[in-house]
Amino acid sequence: MTTAPSTTTDEAPQPAAPAPSKSSWAPLRPLILRLHFYAGVLVAPFLLVAAVTGLLYAGSFQAEKLVYDHELTVPVGERKLPISEQVAAAREAHPEGTVSAVRPSPEADATTRVMLSGVPSVDEGHALAVFVDPYTAKVRGSLEQYGSTGALPLRTWIDEFHRDLRLGEPGRLYSELAASWLWVISAGGLVLWFSRRRALRKVRGAKGRRRTLGLHGSVGVWAAAGFFFLSATGLTWSAYAGATIDELRTSLGQATPSVSAAAGGEHSGHGSATGRAGDAAHGVGLDKVLAAARAEGLGDPVEIVPPADATSAYVVKQVQRSWPSKQDAVAVDPASGEVTDVSRFADHPVLAKLTRWGIDLHTGVLFGLANQIALMLLALSLILLIVWGYRMWWQRGRGTAFGRPIPRGAWQQVRPQILVPLLAGIAVLGYFLPLFGIPLAAFLAVDILLGEIAHRRGRRSYGTPAG
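These figures come from a predicted structure and were not determined experimentally.

Scoring rules and cut-offs
Residues numbered from 1 in each chain as written. Predicted model: local features only at pLDDT ≥ 70, side-chain atom pairs only at ≥ 80, totals over all residues. Heavy atoms only, no water. Helix = DSSP H or I, 4+ residues; strand = E, 2+ residues; numbered from the N terminus. Buried < 20%, exposed > 50% of the residue type's maximum accessible area, 1.4 Å probe, protein only. Contact = heavy atoms within 4.5 Å. Areas by Shrake-Rupley, 256 points an atom, 1.4 Å probe, with all protein chains shown as cover. Salt bridge = Lys/Arg side-chain N within 4 Å of Asp/Glu carboxyl O. Patch = residues over 30% accessible without salt bridge, like charges linked within 9 Å, V, L, I, M, F, W, Y side chains within 5 Å. Pairing = 2+ DSSP bridges. Expected span 1.5 Å × (residues − 1). Phe/Tyr/Trp six-rings, centres within 6.5 Å; stacked < 30°, edge-to-face > 60°. pLDDT = per-residue confidence, 0-100. Axes fitted to C-alpha atoms, helices over the stretch in contact; angles between N-to-C directions. Parallel < 35°, antiparallel > 145°, perpendicular 65-115°, else oblique. Left-handed = near helix turned anticlockwise from the far one by under 90°. Nonpolar A, V, L, I, M, F, W, Y, C, P; charged D, E, K, R; others polar. Polar contact = N/O pair within 3.5 Å; in protein donor to acceptor, adjacent residues only side chain to side chain.

## Focus on the overall build of the chain
Part 1: For the chain, the count of helices and strands is 12 helices and eight strands.
Part 2: By the burial criterion, 49% of the 467 residues in the chain qualify as buried.
Part 3: Within the chain, residue pairs in contact and separated by at least 24 positions form 65% of the contacts whose partners lie at least 6 positions apart.
Part 4: Carbon and sulfur atoms form 64% of the exposed surface of the chain, whose accessible area is close to 22800 Å².

Printed below as a string of structure tokens:
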């Protein structure tokens, strides 16, 4: 929720603080305040990058439709040509590489996409999408494409910058760090906001730092649920925490199943449905394969993946990520044209479904434009919270550029029966979320060192701020 310094000291002089509460939990407030402040200061730059790029990504879906309108749409004709003829036209225009997938025109005014892999001018892991008019088989253009949502160059660039700063695997650490700490800072902000006296939470009529704090807290409270969601779903496909989550799902029998791509294969539950495709016209051909999939109830939009080799089957899978999700898939024997395996999304384990929906909601495709607008509002909220947070830090200064330090030593007032389980819980969290645990350990080490230096210089202070 809140992403930068936040304290409870206000610009105007305050009346004497009431007698300290005898509650066992009262001493935790200064600890939360200190963690919230320093985590906000140090993590806010990463969150700011994630928020700005996330804002751009949420808007890139609609921008993509405008920028690539010529490639994506066609005038509606009388009758769509067989998919094999459309692929043949794409191959004639682009004989390089191999056909890795085909997405037949899902709507009356939409083009067919023929994806080519192994094209020399295309980045590794990407495909060249050739756009074909389904009524005339005329090629309307070709663009580099990435990912299961079919992101084109504009959205791909923003997506990669949001995910890893376009630095590859090392860059993913930034986004995992942001996701690992967003929920922690949000939770701390909620505790601090609701533990303040009601009179100090008012925005109307307040001035100076109190007004900034009121705006910071009010917006943060309303956006907190969204931040928790973004943090949790962002971690599901992160480098380290994501791997742990995948292992946990697998151990619980909640992994995402898929059809067996072996020709005439049996349902394996986890067989590969992808791979480097071979000849798109292999065996019975694309038209009969698509007809077989339609007979199994697979409606548009679908993607046809040709056999990877002589022992593999065609795989036809639904690729609709918007609500209601269409994620059924079938394998079709290239020799006979018969369906050899079926995977129904309705039969997927609960955690597999929740993971799918969570990722799609996080990326703005589950509920379309409404989903994207909600994500943009969350991103704007996070940007404002960071700006207000740093402004509060500056306003705390009273003669110094970096504000007054938050006193150390509050942990000594926490009862052992609370402190020990709390530390144990943090240690467990740090193990499963290493980019939460490692920075926290580093922060504690630096804080202890700075405290010891201050102590030796006779300037060490303990206590809690007023309010």
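What follows picks up the thread again.
## What about the pattern of salt bridges?
It is possible for side chains of opposite charge to pair when their charged atoms get near one another.
Part 1: For the coordinates displayed, the defined rule picks out 13 salt bridges.
Part 2: Between arginine 172 and glutamate 169 there is a salt bridge whose closest N-O contact spans 3.2 Å.
Part 3: For arginine 172, a relative accessible area of 19% gives the class buried.
Part 4: Take glutamate 169: its relative accessible area is 53%, and that puts it in the exposed class.
Part 5: Here arginine 249 and aspartate 246 are joined by a salt bridge, their closest N and O atoms 3.9 Å apart. On the criterion of helical spacing, the pair formed by arginine 249 and aspartate 246 is a turn pair, its members being three residues apart in helix 7 (residues 241–251).
Part 6: By relative accessible area, arginine 249 is classed as buried at 10%.
Part 7: Accessibility expressed as a relative area gives 38% for aspartate 246, which makes it partly exposed.

## Some remarks on a nonpolar patch on the surface
Part 1: A cluster of nonpolar side chains, contributed by Leu248, Leu252, Val350, Leu351 and Leu354, occupies part of the molecular surface with about 470 Å² of accessible area.
Part 2: Ranked by the residues each element gives to the nonpolar patch, the list is headed by helix 9 (residues 350–362), at three residues.
Part 3: Assignment of secondary structure puts leucine 354 in helix 9.
Part 4: The class for leucine 354 is partly exposed, based on a relative accessible area of 47%.

## Quick look at the pairing of strand 2 (residues 112–117)
Part 1: Burial analysis of strand 2 places six of its six residues in the buried class, which makes it a mostly covered element.
Part 2: Because side chains alternate across strand 2, one face comprises the buried residues Thr112, Val114 and Leu116, and the other comprises Arg113, Met115 and Ser117, equally buried.
Part 3: Pairing analysis gives five bridges linking strand 1 (residues 98–103) to strand 2, with the strands arranged antiparallel. The residue bridging valine 102 from the neighbouring strand is valine 114, located in strand 2.

## Some points on helix 12 (residues 434–456)
Part 1: For helix 12, with 23 residues, the first-to-last C-alpha span of 33 Å sits near the 33 Å given by 1.5 Å per residue.
Part 2: Those residues of helix 12 not exposed but buried are Pro434, Leu435, Phe436, Gly437, Leu440, Phe443, Asp447, Gly451 and Ala454.
Part 3: Residues of helix 12 that are buried in the fold lie against helix 1 (28–67), helix 5 (172–195) and helix 11 (416–432).

## Considerations on the packing of aromatic side chains
Part 1: This model, assessed by the stated rule, comprises 12 aromatic pairs.
Part 2: The interplanar angle of 75° and the centroid separation of 5.2 Å between the aromatic rings of tyrosine 57 and phenylalanine 61 together place this pair among those described as edge-to-face. You can see tyrosine 57 and its partner phenylalanine 61 sitting in helix 1, four residues apart, about one turn around the helix. Like phenylalanine 61, tyrosine 57 is buried.
Part 3: With a centroid separation of 5.5 Å and 5° between ring planes, the pair formed by tryptophan 157 and phenylalanine 161 is classed as stacked. Here the residue tryptophan 157 and the residue phenylalanine 161 both occupy positions in helix 4 (residues 153–164), the gap between them amounting to four residues, near one helical turn.
Part 4: Judged by relative accessible area, tryptophan 157 falls into the partly exposed class, the value being 44%.

## Some remarks on the confidence of the model for the chain
Part 1: For the chain, per-residue confidence averages 86 on the pLDDT scale, and residues scoring 70 or more make up 83% of the total.
Part 2: The low-confidence segment residues 462–467, where pLDDT is below 50, has 19 contacts with residues more than four positions distant or belonging to other chains.

## Regarding the environment of threonine 250
Part 1: Tracing the sequence through the fold places threonine 250 in helix 7.
Part 2: Threonine 250 sits in the exposed class, given a relative accessible area of 52%.
Part 3: On a C-alpha basis, the gap between threonine 250 and alanine 352 in space is 9.9 Å, while along the polypeptide they are 102 residues apart.

## A word on the environment of valine 332
Part 1: By the secondary structure assignment, valine 332 is in strand 7 (residues 329–332).
Part 2: Along the primary structure valine 332 and lysine 288 are separated by 44 residues, whereas in three dimensions their C-alpha atoms are 9.4 Å apart.
Part 3: For valine 332, the contacting residues outside a window of four places in its chain are Val289, Ala292, Ala313, Tyr314, Gly337, Glu338, Val339 and Thr340.

## Description of the side chain of glutamine 372
Part 1: When you line up the elements, glutamine 372 lands in helix 10 (residues 368–395).
Part 2: In this structure glutamine 372 comes out as buried when scored by relative accessible area, which is 5%.
Part 3: The contact partners of glutamine 372, leaving out residues within four places of it in the chain, are Ala58, Phe61, Gln62 and Gly364.

## Digging into the packing of helix 6 (residues 208–236) against helix 9
Part 1: Orientation of helix 6 relative to helix 9, taken along the N-to-C sense of each, is 115°, at an axis distance of 9 Å. As summarised for this structure, helix 6 and helix 9 are arranged roughly perpendicular, according to the angle between their axes. The element helix 6 and its partner helix 9 pack so that their crossing is left-handed. Contact with helix 6, carried on its side by Phe229, Leu230, Thr233, Gly234 and Thr236, involves Gly358, Ile359, Leu361 and His362 of helix 9 and no other residues of that element.
Part 2: Here the residues of the contact of helix 6 with helix 9 sort into four nonpolar, five polar and no charged.

## Topic: the side chain of aspartate 159
Part 1: Structurally, aspartate 159 can be placed in helix 4.
Part 2: Residue classification places aspartate 159 among the buried residues on the basis of a relative accessible area of 15%.
Part 3: When residues no more than four places from it in sequence are discounted, the contact partners of aspartate 159 are Tyr57 and Tyr146.

## As for the environment of glutamate 144
Part 1: Along the chain, the position of glutamate 144 falls in strand 4 (residues 139–145).
Part 2: A sequence separation of 12 residues divides glutamate 144 from threonine 156, and the C-alpha atoms of the two residues are 8.9 Å apart.
Part 3: Excluding residues that lie within four positions of it along the chain, glutamate 144 makes contacts with Ser121, Val122, Asp123, His126, Ala127, Leu128, Ala151, Leu152 and Pro153.
Part 4: At a separation of 3.4 Å, a polar atom in the side chain of glutamate 144 contacts the main-chain amide nitrogen of aspartate 123.
Part 5: In this structure the side chain of glutamate 144 is engaged in a polar contact, spanning 2.7 Å, whose partner is the side chain of histidine 126.

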